[in-house]
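What follows is the residue order along each chain.
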Amino acid sequence: MGRIIPVGDAHTHTNPVRGLGAEKIAARFHAEGGWFMAIVALSPWAYNIEFNGIDSYRQVLDLLARECMTAEDAGVKTACLAGFHPADVDRLIDKYKLDPVEVLKLGEAWISELGRACRSGFLDGIGEVGRQHYKTRAERVIISELILRKALEIARDNDCIVHLHLENAGKITIELVDRAITSLGGFQDTAKVVFHHMKPSHAVYAVDRGYSATVPGTPTLLENVLGKFPPVFMLESDHIDDPMRPGAVVYPWVMAQHVRRLSRKVGEEYLYKINIDNIVRTYGVSPP
Ligand SMILES: [Zn+2]
Ligand SMILES: [Zn+2]
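Residues numbered from 1 in each chain as written. Chains lettered and ligands numbered in written order. Predicted model: local features only at pLDDT ≥ 70, side-chain atom pairs only at ≥ 80, totals over all residues. Heavy atoms only, no water.

Colleague: I would appreciate a short explanation of the overall build of the protein in the present structure.
Modeller: Looking only at helices and strands, the protein features eleven helices and eight strands. At 18 Å, the protein has a C-alpha radius of gyration in line with the 19 Å of a compact globule built from 288 residues. With respect to the three principal axes, the spread of C-alpha positions in the protein is 55 × 40 × 35 Å. Looking at the protein as a whole, 58% of its 288 residues are labelled buried. Partitioning the contacts of the protein with sequence separation of at least 6, the portion at a separation of at least 24 is 74%. Carbon and sulfur atoms form 53% of the exposed surface of the protein, whose accessible area is close to 12,100 Å². (Helix = DSSP H or I, 4+ residues; strand = E, 2+ residues; numbered from the N terminus. Rg over C-alpha atoms; globule rule 2.2 N^0.38 Å. Buried < 20%, exposed > 50% of the residue type's maximum accessible area, 1.4 Å probe, protein only. Contact = heavy atoms within 4.5 Å. Areas by Shrake-Rupley, 256 points an atom, 1.4 Å probe, with all protein chains shown as cover.)

Colleague: Please explain the environment of Val194 as it appears in this structure.
Modeller: With respect to the element layout, Val194 can be found in strand β6 (residues 193-195). For the pair formed by Val194 and Ile161, sequence separation is 33 residues and the distance between their alpha carbons is 7.5 Å. Those residues in contact with Val194 that sit more than four places away from it in its chain are Ile161, Val162, His163, Leu164, Ser212, Thr214, Met234 and Thr282.

Colleague: Explain the coordination of the zinc ion (ligand 1) to me, please; I cannot follow it from the model alone.
Modeller: By definition of the ideal shapes, a tetrahedral metal site with four donors has angles of 109.5 degrees and an octahedral site with six donors has angles of 90 or 180 degrees. Protein coordination of the zinc ion (ligand 1) is provided by Glu128 (OE), His165 (ND1) and His196 (NE2), with donor distances spanning 2.1 Å. In primary sequence terms, the donor set of the zinc ion (ligand 1) follows E-x36-H-x30-H. Here the zinc ion (ligand 1) and the zinc ion (ligand 2) are spaced 3.5 Å apart, linked through Glu128, which binds each one. You can see Glu128 sitting in strand β4 (residues 125-130) and its partner His165 sitting in strand β5 (residues 161-165), a full 37 residues away along the chain. For Glu128, a relative accessible area of 6% translates into the label buried. Taking relative accessible area as the criterion, His165 reaches 10% and is therefore assigned buried. (Donors = N, O, S within 2.8 Å, 3.2 Å for Na, K, Ca; no water.)

Colleague: Which parts of the structure should I look at to understand the packing of aromatic side chains?
Modeller: Following the criterion strictly, the structure yields eight aromatic pairs and no others. Taking the centre distance of 4.6 Å and the plane angle of 15° together, the rings of Tyr251 and Trp253 count as stacked. What makes Trp253 buried here is its relative accessible area of 5%. Members of the aromatic cluster, connected to one another through ring pairs, are Trp35, Phe36 and Tyr283. (Phe/Tyr/Trp six-rings, centres within 6.5 Å; stacked < 30°, edge-to-face > 60°.)

Colleague: Help me understand the coordination of the zinc ion (ligand 2) in this model?
Modeller: Of the protein atoms, only His11 (NE2), His13 (NE2), Glu128 (OE) and Asp238 (OD) coordinate the zinc ion (ligand 2), at distances of 2.1 to 2.2 Å. Geometry at the zinc ion (ligand 2) is irregular, judged from its four donor atoms and the angles of 86 to 177° they form at the metal. Between consecutive donor residues of the zinc ion (ligand 2), the sequence gaps follow H-x1-H-x114-E-x109-D. (Tetrahedral: all angles 85-135°; square planar, octahedral: opposite > 155°, others 65-115°.)

Colleague: Help me out: how do you make sense of the pattern of salt bridges in this one?
Modeller: Side chains that carry opposite charge are capable of pairing whenever their charged atoms lie near each other. By the definition in use, this model includes 15 salt bridges. Here Lys192 and Asp159 are joined by a salt bridge, their closest N and O atoms 3.1 Å apart. Here the residue Lys192 occupies a position in the loop between α6 (171-183) and β6, and Asp159 occupies one in the loop between α5 (138-158) and β5, the gap between them amounting to 33 residues. Ionic pairing is found between Lys265 and Glu223, a salt bridge with its closest N-O pair at 3.7 Å. Linking Lys265 in helix α10 (residues 263-266) with Glu223 in helix α8 (residues 219-225), this pair joins segments that are 42 residues apart in sequence. Residue class for Lys265 comes out exposed when judged on its relative accessible area of 52%. Since its relative accessible area comes to 38%, Glu223 is described here as partly exposed. One network of salt bridges, with partners in common, ties together Arg131, Glu145, Arg149 and Glu167. (Salt bridge = Lys/Arg side-chain N within 4 Å of Asp/Glu carboxyl O.)

Colleague: Whenever I open this one, the state of the cysteines confuses me. Can you help?
Modeller: Working definition of a disulfide: a covalent bond connecting the sulfur atoms of two cysteines. The tally for this structure, following the rule as stated, stands at one disulfide. Residue pairing for Cys68: its cysteine sulfur links by disulfide to Cys80, the two sulfurs lying 1.8 Å apart. Highlighted residues: Cys68 in helix α2 (residues 54-73) and Cys80 in strand β3 (residues 77-82), separated in sequence by twelve residues. This pair shows no difference in class: Cys68 is buried, exactly as Cys80 is. (Disulfide = S-S within 2.5 Å.)

Colleague: I'm lost on the environment of Ala82 in this one. Help?
Modeller: Structurally, Ala82 can be placed in strand β3. Once the C-alpha coordinates of Ala82 and Gly125 are considered, the two residues, 43 residues apart in sequence, prove to be 6.8 Å apart. Setting aside anything within four residues of it in sequence, one finds Ala82 in contact with Ala41, Leu61, Leu64, Leu114, Leu123, Gly125, Ile126 and Gly127.

Colleague: Would you explain a negative patch on the surface in this entry?
Modeller: A contiguous patch of negative charge, built from Glu23, Glu72, Asp73 and Asp124, is present on the exposed surface. Among the structural elements, Asp73 can be located in helix α2. (Patch = residues over 30% accessible without salt bridge, like charges linked within 9 Å, V, L, I, M, F, W, Y side chains within 5 Å. Lys, Arg positive; Asp, Glu negative; His and termini not counted. Charge placed at Lys NZ, Arg CZ, Asp CG, Glu CD.)

Here it is in structure tokens:
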């Protein structure tokens, strides 16, 4: 099996209410060489928090902070992010019958609070924000885009990391975000803008523009990506920790095992670049 390669998970979720939670996940990940996880908050209802306005999002923030501390106690360094997922826009209109303008106002107000949480050091970044990856009504894509722009502005002003969940329409997806950032007057540190769930070729394109990108670390993708693309991206499990969809997208510890299996083939230097250097560059954590 070769020796343990330190593995960084640049985008994952933990759910202590319905799923395994950070305690079990971090322990298993750490045992397989996991040294870092960026824990991204799920939507309130994923934790059985019924929607009751902005307060339900505030409850998520407290839960997230506890999850990050729990993971740290298990020996895994963390970055903590909370946001306003584009799927929330659809859910709030469909299930909770909010008016589109109300959703926009709620999303923008929440993003402003997240900026203050970043500034105070309670949070490391804003995410996920972005656009729906599935077909939805035009006004909902517009709301998501406006919330995304607000998130970029707030992240820029408060020195937050920002995780973008986008439609993956190829390079043009990156182009649109790049232009939004340019119109804001740029970012101090563009490495803090993370394009999540990217195809490897698009990840390379985003990094060429100065941004960061994560590629899903499923066994098949790892086989096809590691050693074949320049080591400029990071890996993500995007594990949603939902017992209804076990192992989706991939368990962080399974990702770590597969990274290790491929180490002889692709070489340690290549893996250290992806799993340590790129994480350190984006998240500003000290290496293991
Ligand atoms: Zn996502
Ligand atoms: Zn995610």
